Amino acid sequence: MIKEQLLKRSPIRVLEKSLDGGLKAGGLGLLTAKRGLGKTACLVHLATDVLLRNENVMHVSFADDPHHIVSWYEEVFNEIAKLYKLEHAMDIHEELIRHRLILHFRNKQVDFNEIKKNIEQLLSASEKWVSLFIVDGLPLDALNDNLLSLWREFVTAGNAAVWFAAAMSDEQHQQYLQTGSLPDPSVQRAFDVIIVLEPAQEYIDLRLLKSPAPIDQHLRLKLDPKTLLISNHRV
């Protein structure tokens, strides 16, 4: 019952409404921004929402320090528990952990076939089916059309979806500000959903750049850089 209430009250429901139901199986989503604006925190929030539904998530990380990934999940959950004054928070936390898998690669240039091989080995060993993949720690330049086609084929076959977090360089960010589009049109076409994080005075705004539904660029969602939580502008 507690998890059901958390899901019902989650600001992720606002995102799903804007995306005509959310990122569906076989879908590719992208969160992008300059470094340090909270892309990973947003993805962990999205992943936690899926974990609360008792579905499995695999976080594929290319971060320099893999231990930070676990810390992100801990911090986001602790802030959720504090916000909603959760009783038996640790019991819920232990349930969530059982549905989470983390796979780390030190080499950002690793071939997709190697990534796929490691994913399949981990899934086989854990005897789990994953409904959401999180791919974190790659620069925007690394997300070429060929790589994204391979990911789409993989998640479509597995009836899963995948969210990427990718950092823009300063030059790419300036180009985005000037054109309102990603630097590589083929990459922009490859994604079903694109959200750009833009700094405001006291929060990070989530701007919808691409969606399968008619776009309202103002999602009314923001990321609080202090709590690492996504919330509704109107709350």
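The rules behind each value
Residues numbered from 1 in each chain as written. Predicted model: local features only at pLDDT ≥ 70, side-chain atom pairs only at ≥ 80, totals over all residues. Heavy atoms only, no water. Salt bridge = Lys/Arg side-chain N within 4 Å of Asp/Glu carboxyl O. Helix = DSSP H or I, 4+ residues; strand = E, 2+ residues; numbered from the N terminus. Buried < 20%, exposed > 50% of the residue type's maximum accessible area, 1.4 Å probe, protein only. Phe/Tyr/Trp six-rings, centres within 6.5 Å; stacked < 30°, edge-to-face > 60°. Lys NZ or Arg CZ within 6 Å of the ring centre and 35° of its normal.

Caption draft 1: Focus on the pattern of salt bridges. The full count for this structure, using the stated rule, is 8 salt bridges. The closest approach of N and O atoms between Glu16 and Arg13, which form a salt bridge, is 2.9 Å. Here Arg13 and Glu16 lie together in helix α2 (residues 12-18), a separation of 3 residues that amounts to about one turn. When its relative accessible area of 23% is taken as the criterion, Glu16 is described as partly exposed. With a closest N to O distance of 3.4 Å, Lys108 and Asp64 form a salt bridge. With Lys108 in the loop between β3 (100-104) and α6 (112-126) and Asp64 in the loop between β2 (56-61) and α4 (67-83), the pair connects residues that are 44 residues apart, well separated along the chain.

Caption draft 2: Representation of the packing of aromatic side chains in the model. Tallied over the entire structure, the rule returns 8 aromatic pairs. Here Phe133 and Phe154 contribute two aromatic rings whose centre-to-centre distance is 5.6 Å and whose plane-to-plane angle is 55 degrees, an arrangement assigned as tilted. Placement of Phe133 in strand β4 (residues 130-139) and of Phe154 in helix α7 (residues 145-157) is noted, with a sequence separation of 21 residues between them. Through pairs of rings, three or more aromatic residues link up here, namely Phe112, Phe133, Trp151, Phe154, Phe164 and Phe191. Of note, Lys222 hangs over the ring of Tyr203, and the distance from its end group to the ring centre comes to 5.3 Å.

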